[in-house]
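This is what each chain is made of:
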Amino acid sequence: MKKVNSKRKTILYKSSSNEDKFIDSFLRPTTWSGYIGQEKIKKNLDLILRAAKKRNESIDHLLFYGPTGLGKTTLATLVAKEIGANLKITTGPALQKVGDLAAVLSSLEDKDILFIDECHRINRQIEEVLYSAMDSYKLHLLVGKGLGSRMVSLDLPAFTLIAATTRPNLLSNPLRSRFGAIFQFDYYSLNEIETIIKRSAELMEIKIEPSAVSTLAKVSRFTPRIANRLLKRVRDFVEVNNLKIIDNNAVNETLKFLEIDCLGLEPCERRLLEVIIKKFNNRPVGINTLAAALSEDKGVIEEVYEPYLIKLGLLERTPLGRRATEAAYKHLGY
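Fair warning: this is a prediction, and the values are worked out from it, not measured in the lab.

A.B. asks: Would you mind showing me how to read the overall build of the protein chain here?
C.D. replies: On a plain count of helices and strands, the protein chain comes out with 14 helices and 11 strands. In terms of overall dimensions, the protein chain has C-alpha extents of about 75 × 50 × 40 Å along its principal axes. By residue count, 45% of the 334 residues in the protein chain fall in the buried class. Counted over contacts in the protein chain with a minimum sequence separation of 6, partners at least 24 positions apart contribute 69%. Element-wise, carbon and sulfur atoms account for 50% of the exposed surface of the protein chain, whose accessible area totals about 17,500 Å². Taking the average place of the 51 positive charges on the side chains of the protein chain and the average place of its 40 negative ones, the gap between the two points comes to 2 Å.

This is the structure we're talking about:
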């Protein structure tokens, strides 16, 4: 347990990572109607699922893309549940060799759903094996080496691949073209985030004031995963300080400790803007230069920091590089 001293109160953060993972799983929607947000995607998926049920066929391969924490994995789970199919989950980095993919595919049964997260990280050799598996439900494997090698074809059951990625631009055109439907997950509205916070608080049996819900929603970056994470941290504050309800003061004290500002920006994101403004005088900065200045991986900058900053209008990408906007100057007090 980690004890943290504050000027006003003592905060004791006691939630372990295992406990947080359990709560995250507990808070996931378990029914189609219980999934909040992404209404256009749900409507289109519902049509696809109903048509497949009527034809008694497996559904088309699906591609989900968008920033992290927007419910791609949860919706894939609910798709499987809606059609009564078994769901098998893996990730792009876990498929290191062709044998890894072959083992996963050969374990599938008719109408099973295979969910591959971070599919943009599948290497090209494995990706090519996927082509025939997706098109004709056949697995082509090269057995042996040199002159003694031969191609073996294995029949696969009619399965559905649901792939998720935060970087659709890194997918090859041959792979992207094999999906029957492609859905972009967008950030949630404030009303949707407030609804999610209220639902999560009810599930965790926490009392929370409407003003606290509103404050939490505003700093949740329009992302359910972050909303639930912050709610858990405020819950820690309330429990340790023997409070009976989450009010606005409890939320603000927790945000102060976590160094999260009124827009939901964390220290690393404010530092990114400050480096562009102060170190480079807001001249356009290339991603490699920015990564070196921040001692940060450029993938983290592109996938984690930039999407939210761009959505808020604090950062803009130009042909010459990244620049902070006037809104960023105002927010940071420059």
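A.B. asks: Explain helix H4 (residues 98–106) here, please?
C.D. replies: Since the α-helix turns once every 3.6 residues, residues separated by three or four places project in the same direction. For H4, every residue scored as buried is listed here: Leu 101, Ala 102, Val 104 and Leu 105. What you see down the axis of H4 is that its buried residues fit within an arc of 165°, all on one side.

A.B. asks: Help me out: how do you make sense of the packing of aromatic side chains in this one?
C.D. replies: Note on aromatic pairs: each is described by the distance of the centres and the angle between the planes. Counted according to the given criterion, the structure contains 6 aromatic pairs. Taking the centre distance of 6.2 Å and the plane angle of 55° together, the rings of Phe 64 and Phe 183 count as tilted. Here Phe 183 lies in strand S9 (residues 181–184) and Phe 64 lies in strand S3 (residues 62–65), a separation of 119 residues in the sequence. Since its relative accessible area comes to 0%, Phe 64 is described here as buried. By relative accessible area, Phe 183 is classed as buried at 8%.

A.B. asks: Please clarify how the sheet that holds strand S8 (residues 160–165) should be interpreted in this entry.
C.D. replies: Strand pairing in a sheet relies on backbone hydrogen bonds. The paired strands run either parallel or antiparallel. Taken together, 5 strands build an open sheet; the order of strands is S4-S5-S8-S3-S9 and the sheet is parallel. Every other strand in the sheet has two partners, leaving strand S4 (87–91) and S9 as the edge strands with one partner each. Taking each pair of neighbouring strands and ignoring which way they run, the sheet shows an average axis angle of 15°.

A.B. asks: Help me out: how do you make sense of the confidence of the model for the protein chain in this one?
C.D. replies: Close inspection of predicted coordinates is inappropriate for parts of the model with low pLDDT. Summary statistics for the protein chain give a mean pLDDT of 88 and a share of 90% for residues scoring 70 or more. In this model, residues 1–15 is a region of pLDDT below 50 whose contacts with residues beyond four sequence positions or in other chains number 38 contacts.

A.B. asks: Looking at this structure, how should I read the pairing of strand S10 (residues 315–318)?
C.D. replies: Consecutive side chains of a regular strand alternate in pointing toward one face of the sheet and then the other. Note that S10 and strand S11 (residues 321–324) share 4 bridges and pair antiparallel. Considered in S11, the bridge of Glu 316 is made with Arg 323. Linking two consecutive strands that pair antiparallel, namely S10 and S11, is a turn of 2 residues.

A.B. asks: Looking at this model, I keep getting lost on the pairing of S3. Mind explaining?
C.D. replies: Sheet analysis places S3 next to S8, joined by 4 bridges and oriented parallel. Paired with Leu 62 across the strands is Ile 162, a residue of S8. Where S3 and S9 come together, 4 bridges link them in parallel fashion. Its bridge partner being in S9, Leu 62 is matched across the sheet by Ala 181.

A.B. asks: Explain the packing of helix H9 (residues 224–240) against helix H10 (residues 248–258) to me, please; I cannot follow it from the model alone.
C.D. replies: When two helices pack together, their arrangement is given by the angle between their axes and by how far apart the axes lie. In contact at an axis separation of 9 Å, H9 and H10 are set at 110° when each is read in the N-to-C sense. Looking at the two axes, H9 sits roughly perpendicular to H10. Of the residues in H10, those touching H9 at Leu 230, Arg 233, Val 234, Phe 237 and Val 238 are Ala 250, Val 251, Glu 253, Thr 254, Leu 255 and Leu 258. Broken down by class, the residue content of the contact of H9 with H10 amounts to 8 nonpolar, 1 polar and 2 charged.

Rules of the game
Residues numbered from 1 in each chain as written. Predicted model: local features only at pLDDT ≥ 70, side-chain atom pairs only at ≥ 80, totals over all residues. Heavy atoms only, no water. Helix = DSSP H or I, 4+ residues; strand = E, 2+ residues; numbered from the N terminus. Buried < 20%, exposed > 50% of the residue type's maximum accessible area, 1.4 Å probe, protein only. Contact = heavy atoms within 4.5 Å. Areas by Shrake-Rupley, 256 points an atom, 1.4 Å probe, with all protein chains shown as cover. Lys, Arg positive; Asp, Glu negative; His and termini not counted. Charge placed at Lys NZ, Arg CZ, Asp CG, Glu CD. Arc of directions from axis to C-beta. Phe/Tyr/Trp six-rings, centres within 6.5 Å; stacked < 30°, edge-to-face > 60°. Pairing = 2+ DSSP bridges. Axes fitted to C-alpha atoms, helices over the stretch in contact; angles between N-to-C directions. pLDDT = per-residue confidence, 0-100. Parallel < 35°, antiparallel > 145°, perpendicular 65-115°, else oblique. Nonpolar A, V, L, I, M, F, W, Y, C, P; charged D, E, K, R; others polar.

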